[in-house]
Amino acid sequence: MSIENWPRSIAHLDMDAFYASVELGKRPELRGKPVVVCGSGPRAVVTTASYEARKLAGIHSAMPAAVARRRLPDAVYLRPDFPAYREASAQVMEVLRRNVETVEVVGLDEAYLDLTGLYSPKATMRRIAAEIRADTGLTCSVGISESRMLAKITSELGKPAGLVVLSREDALVRFAGDSPGLVPGIGPKTVARLEAIGIATLTELARRQASELESTFGPRSGAWLHARGRLWDETPITVSRETKSQSTEITFDVDVRQRGELEKHLVELAAELCRRLAKRELEGRTIGIKIRLDDWTNVSRSHSVEAPTNDLAVVTRVALELLRAYDPQRPVRLLGVRLASFQGEADPVAAESEAPAGQLRLGFSSAA
DNA sequence: TCTGGGGTCCTTCCCCTC
DNA sequence: TCTGGAGGGGAAGGACCC
Ligand SMILES: Nc1ccn([C@H]2C[C@H](O)[C@@H](COP(=O)(O)OP(=O)(O)OP(=O)(O)O)O2)c(=O)n1
Ligand SMILES: [Mg+2]
């Protein structure tokens, strides 16, 4: 065991405009046109857009579909086809796994690969990208660096269809003046909190003492930010991930004001959830509901039962009890049902794992 | 123009036990 | 009123990601 294993060589592979690209594979005649994949209702959002649509009108994921349609009425608007995306994803991941031992899949279109010790990580990834293209007709972008955080940042640099290698040393120079928001896991809320204490760049973040960040963000998040400011990330690549929860939710086309209607939807959601749980043979102990009111207030209620279940009668009964106990006093925009605490231990929220995974999120409940 | 659905993980608070 | 401290686990809220 004397093989050098640090620094590591980590790759992040990310499919280009994934849903839209799969759609183009189904309908090649649309190639070259702006394509937007989104739902059909009045409250739909864009899941993704082809690069043509992005360049023409700045259309991007999570944008309200109504906005996209106004900006680019002549684009081709397509409904999501999840079975097709799952199938394409499975093909992609198969290529990865037949080439590399340590592959961590994230969602449908990304994966991290630990290439430490390989003779040429770059050649390996070039070959993999070519195989993916041959097998699926889809292109991907690859970043190779020394950690998952840096690999992910690096894969963005070459999009679309790029392959970029970047050392941490070069990254420290290159991103010195950039916003901390460049780092995956640092979103708009954290960027604002950092700015409030005089931190607007990665260099400024890197200059702060860990103790100072810990006093503002708490011990874990503070330490996490301290490391990320230095573009430092030791999070390992983990092959398997267990499902922690499953949920089904619906945003109504029009806010629901009547209890009876709400309960009808809840029963349907519970049935749908239990159907999916049964298909995956999942049983959980914590049944929860989620409600979004018309003013965007979110409320969740949950209750844990003795034994793991996915029984429709149990899930429906508990969910209805939770809804009746809460009894929303405003119109309801969204309603959802969730099951958690599968097999082993407690509710995921409280489950303490020895190796806290890389994407430490900064939750602030009572912080303004 | 008005904001999806499916997730993970974090912090806080509270009750309870040791 | 000086009322212990740590930690498991449930519950609620939130940030973030694909
Ligand atoms: N808010 C989001 C973000 C993404 N997705 C879906 C649609 C995307 O096609 C897929 C992959 O997400 P990416 O962030 O990787 O985006 P794309 O693959 O579409 O584009 P890119 O080329 O930037 O990776 O996940 C989604 O439904 N909602
Ligand atoms: Mg992608």
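Residues numbered from 1 in each chain as written. Chains lettered and ligands numbered in written order. Predicted model: local features only at pLDDT ≥ 70, side-chain atom pairs only at ≥ 80, totals over all residues. Heavy atoms only, no water.

Draft legend 1. Just the overall build of chain A, in detail. The number of helices and strands found in chain A is 13 helices and twelve strands. Its C-alpha radius of gyration of 23 Å places chain A within 12% of the 21 Å reference for a compact globule of 368 residues. For chain A, the C-alpha atoms occupy an extent of roughly 60 × 55 × 45 Å along the three principal directions. Within chain A, the fraction of its 368 residues that count as buried is 43%. (Helix = DSSP H or I, 4+ residues; strand = E, 2+ residues; numbered from the N terminus. Rg over C-alpha atoms; globule rule 2.2 N^0.38 Å. Buried < 20%, exposed > 50% of the residue type's maximum accessible area, 1.4 Å probe, protein only.)

Draft legend 2. Broad picture of the sheet that holds strand S10 (residues 284-293). Spatially, S9-S12-S10-S11 is the arrangement adopted by the four strands of the open sheet, whose pairing is antiparallel. Every other strand in the sheet has two partners, leaving strand S9 (245-256) and strand S11 (298-309) as the edge strands with one partner each. Taken pair by pair, the neighbouring strands of this sheet meet at an average axis angle of 15 degrees, ignoring direction. Two elements, S9 and strand S12 (residues 332-342), share eight bridges in a ladder whose sense is antiparallel. In the sheet register, Thr 251 faces S12, and the bridge partner there is Leu 334. Helix H13 (residues 312-326) contacts S10, S11 and S12 of the sheet and is inclined by roughly 40 degrees relative to S10. (Pairing = 2+ DSSP bridges. Axes fitted to C-alpha atoms, helices over the stretch in contact; angles between N-to-C directions. Contact = heavy atoms within 4.5 Å.)

Draft legend 3. Fine view of the site of ligand 1. Ala 17, Thr 48, Tyr 51, Arg 54 and Asp 109 are the nearest of the 13 residues found near ligand 1. Contact between ligand 1 and Ala 17: an oxygen atom at 2.8 Å from a main-chain N or O atom of the residue. Separating an oxygen atom of ligand 1 from a side-chain N or O atom of Asp 109 is a distance of 3.0 Å. Looking at the shell around ligand 1, the elements that each hand over two or more residues are strand S1 (10-15), helix H1 (18-26), strand S3 (46-49) and helix H2 (51-57). When its residues are assigned to classes, the shell around ligand 1 shows five nonpolar, three polar and five charged. (Near = heavy atom within 4 Å. Polar contact = N/O pair within 3.5 Å; in protein donor to acceptor, adjacent residues only side chain to side chain. Nonpolar A, V, L, I, M, F, W, Y, C, P; charged D, E, K, R; others polar.)

Draft legend 4. Layout of the packing of aromatic side chains. Per the stated rule, a full pass over the model turns up six aromatic pairs. Pairing Tyr 19 with Tyr 85 gives two aromatic rings, centres 4.1 Å apart and planes at 10 degrees, and the pair type is stacked. Here Tyr 19, found in helix H1, pairs with Tyr 85, found in helix H4 (residues 82-99); they are 66 residues apart in sequence, far enough to count as distant. Take Tyr 19 and Tyr 85: they sit in the same class, and that class is buried. The rings of Phe 18, Tyr 19, Phe 82 and Tyr 85 are connected pair by pair, giving a single aromatic cluster. Against the face of Tyr 112 rests Arg 148, its NZ or CZ located 4.4 Å from the ring centre. (Phe/Tyr/Trp six-rings, centres within 6.5 Å; stacked < 30°, edge-to-face > 60°. Lys NZ or Arg CZ within 6 Å of the ring centre and 35° of its normal.)

Draft legend 5. Looking closely at the confidence of the model for chain A. Summing up the model confidence of chain A, the mean pLDDT is 91 and the portion of residues at 70 or higher is 93%. In the model, residues 345-368 has pLDDT below 50 throughout and makes 30 contacts with residues more than four positions away in sequence or in other chains. Reported confidence for the predicted complex is 0.91 by ipTM and 0.92 by pTM. (pLDDT = per-residue confidence, 0-100.)

Draft legend 6. Molecular detail of the domain arrangement of chain A. Domain boundaries in chain A define domain 1 (18-82), domain 2 (175-229) and domain 3 (245-342). Between domain 1 and domain 3, the C-alpha centre-to-centre distance is 30 Å. (Domains from an automatic or database assignment.)

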